Amino acid sequence: MNQTIRPEAGLAALEARVRRDLEMLQLPAKEWAPPLQRGGERVLDVAIIGAGMCGIAAAGALIFRGLSHIRLFEAAAPGEEGPWVTVARMDTLRSPKTLPGPCFGIPSLTFRAFYEAREGAAAWEALYKIPNAVWQDYLSWLIRVLGLPVAHRTRLLSLAPEEGLLRLHLATPEGERRLLARRVVLATGRAGAGGLAWPDVVPRALRPERAAHAYDPIDFGRLRGRSLAVLGGGAAAWDNAATALERGAASATLYVRRAQLPQINKGRGSAGPAYLQGWDALDLERRWQLIAYLHDMQAPPPHETVHRAPRQPGFRIELGTPVEAVRAEGEGVALTLGGARPREVRHDFLVVGTGFRVDMDAVPELAAFAPHIARWRDRYRPPPGLSRPEMEAFPFLGPGFELTPRGPDAPPELGLVHLMNHGAFASHGSIASDIPGVAEAGERVARAILRGLVQAEWPAIRAALEAFDEPELATTPFFVPR
Ligand SMILES: Cc1cc2nc3c(=O)[nH]c(=O)nc-3n(C[C@H](O)[C@H](O)[C@H](O)COP(=O)(O)OP(=O)(O)OC[C@H]3O[C@@H](n4cnc5c(N)ncnc54)[C@H](O)[C@@H]3O)c2cc1C
């Protein structure tokens, strides 16, 4: 910590700068959408589900456009949105500290501005990468400084069409609640498009007593002195192994199907404007070639993570070793291993690091719409050799991340739902998945919602223009009173 700066003073000065920047940009714009009542209820212009960085990016972009009758509904408690201080088990973000973050193009809202204000310029220079909790603090600060209307501990249970609107069914701390919105943005994170991927070879009944997913809450204290098996070689597999060992596990062994780890992070290679803004400009054929290529390449774990786990003496890794079956044995698990040295091994606990899946049939909030949502396989047939069933299951989204209908019997309200999470990857690239593109995703969603509202509310918007009667010439000799 820089000794010459008090964090509150630094942040207070930054917040004054934010206010001035917004004033100079005349943000937010004046509210313009005609209020809508239905059955005595004021309808929300936009309900955003999730107050992680995508929710923040969408909310800020909407408010700046004069759409302020919005609300964010967030299942987690304040300060615990997203994975950062709960199930993210790395020490720092993979991304470089220089990422601007969801800052709407405004320098005073960048991560760097926040960090320098709170910790001082020297601390910024000394910072290597962003610790998870610091990134969380930054996102919480954005919520506060932008005055975003977040209802925490409030989970969306389901969405249903209702006469041109969307009916939300929410679980709130005060009980269940139903309300109407013109549009809904699902900014529900990596697991929000189909949940956690669970491998077929691991019986689900082993969870939670003998097995867990790498993104489950795990009581690592229970693993003290025990032997852990980890299925997979991605970042979360390594970080779970490291965390368990650092908290006293006797050993952690990674079983990895691949003979070698992926070497190149193509995500970093594609984190520039051509991919972040140009992805959906490509025709379907080229987009599919890119989707298949990135799917096949896979990303390596960050090098910091790969250095971290082997610092502990109990760390082991077996490459080229697929796990072919798992069963309960004694108080632990027995794994049948394939590869060059087929055998059975026993461990006290298993963590599966198999990531997330995308499956519109497995999104509880979308159950009413699922059969009608167009997937990539409905709109594009890959040429021989390029079939990737996992990717063909991604929803086929419109230009503003809106769901599109599979057939003519789809409810028209389906297009009022914007899927701003990893499910958007095939249609829009990584802009709703990773930090570098999130501001662009927020802009795209907000612009599409604005345009949709203008179309839907055109008679009232036009009437407001006709009623507008500010006399420009009132102070001149040419003024003609009406
Ligand atoms: C472990 C980990 C590390 C990552 N590291 C990086 C990195 O270094 N760099 C990078 O660019 N990207 C990284 N990512 C990818 C990405 O930046 C994060 O996943 C990020 O959290 C995505 O933001 P989000 O707003 O889409 O989702 P989240 O941050 O997950 O926020 C979604 C929110 O929605 C809420 N929610 C979900 N369902 C409901 C519901 N039904 N009702 C109400 N609320 C709901 C959740 O509680 C959550 O707070 C990482 C991802 C993970 C999982």
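Heads up: the structure comes first, above all this text.
Residues numbered from 1 in each chain as written. Predicted model: local features only at pLDDT ≥ 70, side-chain atom pairs only at ≥ 80, totals over all residues. Heavy atoms only, no water.

Some remarks on the packing of aromatic side chains
- Applying the stated criterion to the full structure yields 19 aromatic pairs.
- Plain terms: the ring middles of W288 and Y380 are 6.0 Å apart, the flat faces sit at 40° to each other, and that makes the pair tilted. Of this pair, W288 sits in helix α9 (residues 284-297) while Y380 is found in the loop between α11 (376-379) and α12 (389-392), placing the two residues 92 residues apart along the sequence.
- For W288, a relative accessible area of 0% corresponds to the buried category.
- By relative accessible area, Y380 is classed as buried at 14%.
- Ring centres of F394 and F425 lie 6.4 Å apart, and the angle between their planes is 65°; on these two criteria the pair is classed as edge-to-face. With F394 in the loop between α12 and β17 (417-419) and F425 in helix α13 (residues 425-428), this residue pair connects regions lying 31 residues apart in the sequence.
- Residue classification places F425 among the buried residues on the basis of a relative accessible area of 13%. (Phe/Tyr/Trp six-rings, centres within 6.5 Å; stacked < 30°, edge-to-face > 60°. Helix = DSSP H or I, 4+ residues; strand = E, 2+ residues; numbered from the N terminus. Buried < 20%, exposed > 50% of the residue type's maximum accessible area, 1.4 Å probe, protein only.)

A word on the sheet that holds strand β9 (residues 211-213)
- Strand order in the open sheet formed by 5 strands is β9-β16-β10-β11-β12, with parallel pairing between adjacent strands. Looking at which strands have only one partner, the edges of the open sheet turn out to be β9 and β12 (315-318). Across the sheet, the axes of successive neighbouring strands diverge by a mean angle of 20°, strand direction being ignored.
- With 3 bridges connecting them, β9 and strand β16 (residues 349-352) associate as parallel partners. Each residue of the ladder has a partner; that of A212, found in β16, is V351.
- Seen against the sheet, helix α6 (residues 235-246) touches β10 (227-231), β11 (251-255), β12 and β16 and runs at an angle of roughly 170° to β11. (Pairing = 2+ DSSP bridges. Axes fitted to C-alpha atoms, helices over the stretch in contact; angles between N-to-C directions. Contact = heavy atoms within 4.5 Å.)

Thoughts on the sheet that holds strand β13 (residues 323-329)
- Read across the open sheet, the 3 strands follow the order β13-β14-β15; overall the sheet is antiparallel. Sheet topology places β13 and β15 (343-347) at the edges, where each strand pairs with a single neighbour. When strand polarity is set aside, the average angle formed by the axes of neighbouring strands in this sheet is 25°.
- Here 6 bridges tie β13 to strand β14 (residues 332-337), and the two strands are oriented antiparallel to one another. When the bridges of β14 are listed, R327 appears paired with A334.

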